[in-house]
Amino acid sequence: MSEKADKTDLTSGSIAIKLVMFVGPLFISNILQTLYNVVDMAVVGQYVGDTGLSAVSVCGDLINIATFAAFGFSGAGQILVARHTGAKDYAARQQTIGNMLTFLLVLSLALTAGMIVFREYLLDFVNTPAEARDYARQYLLTCAAGMVFTFGYNGVSAVFRGMGDSMHAFIFLAIASVLNILLDFIFVSALGMEIFGAALATVLSQAVSLVASLVYMYSCRERFGFDFTAKSFRLHKDALLPLILLGVPMALQYGLVTLGKLWVSRWVNSYGITISAITGVGNKLNSIGMIFSGAIGTSASAMISQCIGAKKYERVGGTVFTAGCIAVGVAALLSAIVAVFPRAVFGIFSNDAALLEMASYYKYVVVVMFLSSAFRAPMNGLINGSGKSTLNLLLAVLDGLVGHIGLAALLGFGLNLGVTGLWYGSAVAGYIPFFVGLVCYFTGSWKNSGKREKQ
């Protein structure tokens, strides 16, 4: 392999320009993803009602725990691919790609089986409202059956981004987004397939996107340095161990944060269908903010990882600062929209009078969540990009368990603030990664992992 095989070099040139160019396609793709998520919830809310919204909210939390395993290990793969790209170690990069794709396939099949077998226990665990039980079961089973497509797409996209190519990750997500929106209207609105139709639309769109991305990657296999032969997918200890050592803490970070939110949702759901529905809408709005901040964190992670691989440590600080400025700017815009037009924003998802009345109060919770996502983005990029697996594990416990569950319990039950305390406790916990990241940056500990990687 030669240097021509690398799509984009993130280790030279203007940090701001390179970061904006890299994050741009991710922003656009996430806008599309946001749009199809909003359409998904809106179609369910308008054609199925609050019972459908509650079912999607409950199952969304359960599905997120599984998909965050995909985010964790594909994120680890992206970091390793970027590190090998920066160091121009193309043989190691090929082995990492094959091991990541094989591992994600096996993991997705195992999680699918687990969710199908233990579906009733999972629905009981999150206190699924009785009225939404049948819908929730349909949504959970359908999405679980399509888990392999979600994991596969994340793996292929990680390869693109690790090599500095965010454009093709955008193209294939765009295919899934547009197709999902069309199928939502066809299945739910035109054919009356209700919750099953919404879940099926998501699964089919992800399947098409995965197939298209694999076809493209195969057609350009020389540029990617991956030959798609059977031996390339064979697991090797030297490539699999770094992926697991980095991927497990990252998956736990994503998973424990979601588990923490899931536990809080379990408490929130006991307050009734309206509270459950508005929390589901709030979580969906928060996911919009997290999608944008996640794109920024992912971009910063790829740039930082390539720079560490190339031993250009001086570019890391500028990357963190630039990523933070972009993230806060986007969060401020989203916060202003929700704060000024709460009924219009929440009205996209439901026409229920009680829910819309509550929106004028709940909007402040959403603003707190938006800003927390922004502040954590550059620090997640630093911690993940530098491969700080031990710190990621610590962060998973602090953020997911101590933060979300602990603060929600303290405010909601300890201080007797009820559901308000549960909402704000979980929202404030999102700032923990920012402070942990500050310590990591100013102590310079992020440099050590990069040096160990090259030994």
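All figures in this text were calculated on a predicted structure; none of them were measured in a lab. For every chain, the first residue of its written sequence is number 1, and the numbers climb from 1 along that sequence. Reporting of local features is limited, given that this is a predicted model, to residues whose pLDDT is at least 70; pairs of side-chain atoms are given and counted only at 80 or more, and all residues count toward the totals for whole chains, interfaces and linings. The side-chain quantities take in all heavy atoms of the structure and omit both hydrogens and water.

A. Main features of the environment of Ser-305. For Ser-305, the position within the fold is in helix α11 (residues 273-309). Remark: exposure states derive from per-residue accessible area (1.4 Å probe, protein chains only) relative to the maximum for the residue type, with buried under 20%, exposed over 50%, and partly exposed in between. Assessed through its relative accessible area of 0%, Ser-305 is described here as buried. A C-alpha to C-alpha distance of 15 Å links Ser-305 and Thr-96, two positions 209 residues apart in sequence. Setting aside anything within four residues of it in sequence, one finds Ser-305 in contact with Ile-79, Ala-82, Arg-83 and Gly-385. From its side chain, Ser-305 meets the backbone oxygen of Ile-79 in a polar contact 2.8 Å long. Runs of E in the DSSP output that reach at least two residues are strands. Runs of H or I that reach at least four are helices, and both are numbered from the N terminus. Any two residues whose heavy atoms approach within 4.5 Å at even a single point are treated as in contact. Any pair of nitrogen or oxygen atoms within 3.5 Å is treated as a polar contact; in protein, a donor-acceptor pairing is required on top of that, and neighbouring residues in sequence qualify only through side-chain atoms on both sides.

B. Representation of the packing of helix α2 (residues 50-87) against helix α10 (residues 237-269) within the structure. Axis angles are defined between N-to-C directions and span 0 to 180 degrees, where every axis is a line fitted to C-alpha atoms and, for a helix, only to the segment in contact. Interaxial distance between α2 and α10 falls to 7 Å at its minimum, and their mutual angle equals 160 degrees. Taken together, the axis directions place α2 and α10 in an arrangement best described as roughly antiparallel. Between α2 and α10 the crossing geometry is right-handed. Residues of the contact of α2 with α10, tallied by class, amount to 20 nonpolar, nine polar and one charged. When an angle is under 35 degrees it counts as roughly parallel; over 145 it counts as roughly antiparallel; between 65 and 115 it counts as roughly perpendicular; any other value is oblique. Crossing handedness follows the turn of the near helix against the far one: under a right angle anticlockwise gives a left-handed crossing, and clockwise gives a right-handed one. Under the convention adopted here, Pro, Cys and the residues Ala, Val, Leu, Ile, Met, Phe, Trp and Tyr are nonpolar, Asp, Glu, Lys and Arg are charged, and Gly plus all remaining residues are polar.

C. Up close: the pattern of salt bridges. We define a salt bridge as a contact between a side-chain nitrogen of Lys or Arg and a carboxyl oxygen of Asp or Glu at a distance within 4 Å. In the structure shown here, the tally under the stated rule is six salt bridges. Glu-120 serves as the salt-bridge partner of Arg-133, at 2.7 Å between the closest nitrogen and oxygen. Placement of the pair is Arg-133 in helix α5 (residues 133-145) and Glu-120 in helix α4 (residues 119-125), with a sequence separation of 13 residues. The exposure class assigned to Arg-133 is buried, which follows from its relative accessible area of 17%. Arg-133 is paired through a salt bridge with Asp-124; the nearest N and O atoms lie 2.7 Å apart. Put simply, Arg-119, Glu-120, Asp-124, Arg-133, Asp-134 and Arg-137 are held in one network by salt bridges that share partners.

D. Quick peek at unusual backbone geometry. A positive phi angle, close to 65 degrees, is found at Phe-228, a residue other than glycine. Tracing the chain through its elements places Phe-228 in the loop between α9 (221-224) and α10. Backbone geometry places Lys-311, a non-glycine residue, at a positive phi of 60 degrees. The topology assignment puts Lys-311 in the loop between α11 and α12 (316-340).

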